[in-house]
Amino acid sequence: MAIITTHNLSKVYNPETVPVHALRDVNLEFEEGEFTTVRGPSGSGKTTLLNMIGGLDTPSDGYVEVDGTRITGMKDRELIDFRLNHIGFVFQAYNLIPVFTAYENVSFIMLLQKWDKQKMKERAEELLTAVGLKGKFDSRPKQLSGGEQQRVAVARALASRPKFILADEPTANLDTDSAMNLLDMMEKMNKEENVTFIFSTHDQRVIDRARRVITMVDGAIHKDEKKYPPLKGG
Amino acid sequence: MKMLLSISWRNIWRHPARSGVLMGAIIAGIWAGILVSALTNGWIQQRFNNLIQEEITHAQVHHPEFLTEREALMYVDDAHEIFSFLDGDERVKAYAGRTLSDGMIQSPLTSSGVQIRGVDPDRERNTTTFHENVVDGEYLDSDIRNPILLGEKLTEKLNVDIGNRVVLTFQDMNNELTSASFNISGIFRTASTPYDERNVFVKAEDLQELLGDDIYHEVAIMLYDENLVDGVTEDLNESFDHIVAESWYELSPELRYITDMGGNLIVYIMGVIMLALAFGILNTMLMAIFERMKELGMLLAIGMSKLRVFLMIMLESVILTLSGAVVGLILTYFTVNYLGDKGIDLRSMGGESMAQFGFDAIVYPVAFMNDYITTIILVVVTALLAAIYPAIKALRLKPGEVVRE
Ligand SMILES: Nc1ncnc2c1ncn2[C@@H]1O[C@H](COP(=O)(O)OP(=O)(O)O)[C@@H](O)[C@H]1O
Ligand SMILES: [Mg+2]
């Protein structure tokens, strides 16, 4: 069964003045365990799509279902709660709380979820170690490289045990090595924890790592390709 | 909650200079505000003590018309029965009868109008602290005949000194003018120069002899507990006819007014100061929100509730303001205590003229626990009010838009 379904999803910005059709009739399904990228030129609607799926923005038409729950139309408060407990987010930048250490950034979301102290500590350490940041638990974001920061963000996104992780151009600010490292790590988590990843990018090397590639043009789904078996690292 | 506290506290120190400037302003504001209030309260309390302890006492008994007419014939009926009544009342610490008359004082050089206060030196000494104002010579209990105590200012005006002779002239019980010479036994100085110029002290018995009868015009009563004064005056008024017993605040309403005002002074002063500081807090918090839009959007996006974000901003404002306030209060506490011991000599700032209004030249600031608590409450309320607008601004953020790069 699909964990995410979009039904005739459309988004028009500024409908009254200069209408921008950011999404046009998008119908997609995502299965558990997917490792999927949304590609497309800048302005094609990638961020808008991910924001709709993540409940950060409301569609002009259509709706989104997660695990059979219709999130479109939920009250603000319910939606925040839903995001906290079901979705992990990784953004291009400003992912971390600058005054918190790597460890605190990862624990933060579990604190919001009211985890048991001991379990929280174990999971935060386990995740930071898994993303290759053992020894940097107490570093603040400023003391970490861009790649390291994004890895903390992925660890944070995983910490809350979400159904899926949405990553909007997570590698956009990274050099190639760091980008590939991050992808390695995401792939590993995808396999080990069976976490669904949906990430957007316009970087071909990143696209090559995905097992499903959705191509967007002008707010519409242009192509939706599944690669079995995955091209690399499978 | 612990997490919110920790995040708020650390956020404050992201801009040490900006937070520091605001804290500095809060420290200065609190220091100045409490000190001004403490000085004023010190003044008021000294003035209150001067008047109550030296002369007015907690309650007085008069002939009903004496205070307005001031005639020799309007004496307290059955003064000795009132004395025995007071002797048997355990609320009463001490009392003293006073024989009063208006008249003239004459020296070889000049003359002056005065109020003649005939006192019983032993009783007066137990009841009031007036004898502490003697700066030269002795109080009335010296051996010389017809001793008189004069204010320093009056001795200058009359150009007389201890041992000199002055003549008092006043109306006796039969409305006849009578004169007698008195020997200056001592000189006093109170905080009020006009008082020193207008009042002279003699022994009640000497004055009674000249007036022609063993009478008292005033009974001054000091209690163990000032708060019991209403009960004592009530009992006196019920037990005796042809007299009125009044409390200090009935005798001197303006004294009560300034005492009451002194109690609320901290609210007025700190209120104005905090109003000014509120704009500083508002500005600092707005800056803190605007530069952190993306971060706040991220927090809302990953699932931090709006309530928590709101609390975080409120806490940040309160912690920032309170940190300054705590430093300010500690600093103020030590300043007030130090000056409370040592006093501030206002003469060096032209305070000599203050004596004209009955204030001491050296003021000892007084601040109560209540003043500090009131200040803290005002600080917290201001911090909360000033942060509401910035916090609401943060809640209006649409995470979907803010997280866009
Ligand atoms: N808040 C907005 N108001 C108006 N237009 C917007 C807004 N956000 C995005 N758009 C427009 O919607 C389209 C899709 O944007 P976006 O989803 O960010 O594309 P991508 O992430 O693929 O670059 C673009 O044309 C963009 O200019
Ligand atoms: Mg985008």
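What counts and how
Residues numbered from 1 in each chain as written. Chains lettered and ligands numbered in written order. Predicted model: local features only at pLDDT ≥ 70, side-chain atom pairs only at ≥ 80, totals over all residues. Heavy atoms only, no water. Contact = heavy atoms within 4.5 Å. Buried area = accessible area lost by both parts, 1.4 Å probe. Salt bridge = Lys/Arg side-chain N within 4 Å of Asp/Glu carboxyl O. Polar contact = N/O pair within 3.5 Å; in protein donor to acceptor, adjacent residues only side chain to side chain. Core = buried A, V, L, I, M, F, W, Y, C linked by side-chain atoms within 4.5 Å. Buried < 20%, exposed > 50% of the residue type's maximum accessible area, 1.4 Å probe, protein only. Helix = DSSP H or I, 4+ residues; strand = E, 2+ residues; numbered from the N terminus. Domains from an automatic or database assignment. Near = heavy atom within 4 Å. Areas by Shrake-Rupley, 256 points an atom, 1.4 Å probe, with all protein chains shown as cover. Nonpolar A, V, L, I, M, F, W, Y, C, P; charged D, E, K, R; others polar. Axes fitted to C-alpha atoms, helices over the stretch in contact; angles between N-to-C directions. Parallel < 35°, antiparallel > 145°, perpendicular 65-115°, else oblique. Left-handed = near helix turned anticlockwise from the far one by under 90°. Patch = residues over 30% accessible without salt bridge, like charges linked within 9 Å, V, L, I, M, F, W, Y side chains within 5 Å. Lys, Arg positive; Asp, Glu negative; His and termini not counted. Charge placed at Lys NZ, Arg CZ, Asp CG, Glu CD.

(A) Molecular detail of the interface of chain B and chain A. In this assembly, 23 residues from chain B lie in contact with 28 residues from chain A. Summed over both sides, the interface between chain B and chain A buries roughly 2,400 Å², with carbon and sulfur atoms accounting for 66% of that surface. If you sort the residues of chain B by the area they bury against chain A, R10(B), I302(B) and R404(B) come out on top, with a joint share of 27%. The tally of links from chain B across to chain A stands at two salt bridges. Salt-bridge contacts for D76(A) lead to K306(B); the nearest nitrogen and oxygen are separated by 3.0 Å. In this assembly, chain B and chain A are joined by seven residue pairs in polar contact (both at pLDDT 80 or more).

(B) Quick look at the nonpolar core. Residues L49(A), F108(A), L128(A), F197(A) and F199(A) are the most contacted members of the largest nonpolar core, which totals 125 residues. At eleven residues, the largest contribution of residues to this core is made by helix α13 (residues 306-342) of chain B. Contacts of F108(A), omitting those with residues within four sequence positions, involve I97(A), F100(A), M3(B), L299(B), I302(B) and M304(B). A79(B), V219(B), L223(B) and A245(B) belong to the second-largest nonpolar core, a separate cluster that totals 27 residues.

(C) Quick look at the domain arrangement of chain B. Entries for chain B in the domain assignment read domain 1 (2-51 + 256-404) and domain 2 (64-242). Computed from C-alpha coordinates alone, the two centres of domain 1 of chain B and domain 2 of chain B are separated by 50 Å.

(D) Local environment of the site of ligand 1. By nearness alone, 13 residues border ligand 1, and G43(A), K46(A), T47(A), T48(A) and R404(B) come closest of all. Contact between ligand 1 and G43(A): an oxygen atom at 2.7 Å from a main-chain N or O atom of the residue. Here T48(A) contributes a side-chain N or O atom positioned 2.4 Å from an oxygen atom of ligand 1. In isolation ligand 1 offers 560 Å² of accessible surface; the protein chains occlude 71% of this area. Broken down by element, the residue count for the shell around ligand 1 peaks at three residues, all from helix α1 (residues 46-53) of chain A. Its residues assigned to classes, the shell around ligand 1 comprises four nonpolar, seven polar and two charged.

(E) A look at the packing of helix α4 (residues 117-130) of chain A against helix α5 (residues 146-159) of chain A. Residues and elements named next belong to chain A. At their nearest, the axes of α4 and α5 sit 9 Å apart, and the two run at 140° to each other. What the angle tells us is that α4 and α5 run oblique. For the pair α4 and α5, the sense of crossing is right-handed. In contact with R123, L127 and L128 of α4, α5 contributes V152, A155, L158 and A159. Taken together, the residues of the contact of α4 with α5 break down into six nonpolar, no polar and one charged.

(F) The arrangement of the pattern of salt bridges in detail. All names here are of chain A. Per the stated rule, a full pass over the model turns up 26 salt bridges over all chains. The partner of K121 in a salt bridge is E125, and the shortest N-O contact between them spans 3.4 Å. Taken together, the positions of K121 and E125, both in helix α4 and four residues apart, correspond to about one turn of that helix. Take K121: its relative accessible area is 36%, and that puts it in the partly exposed class. The partly exposed category is assigned to E125, whose relative accessible area is 28%.

(G) Structural view of a negative patch on the surface. All names here are of chain B. A surface patch of like charges, here negative, comprises D230, E234, E238 and E250. Of all the elements, helix α9 (residues 229-239) adds the most residues to the negative patch, at three residues. Mapped onto the fold, E250 is located in helix α10 (residues 248-251). Assessed through its relative accessible area of 42%, E250 is described here as partly exposed.

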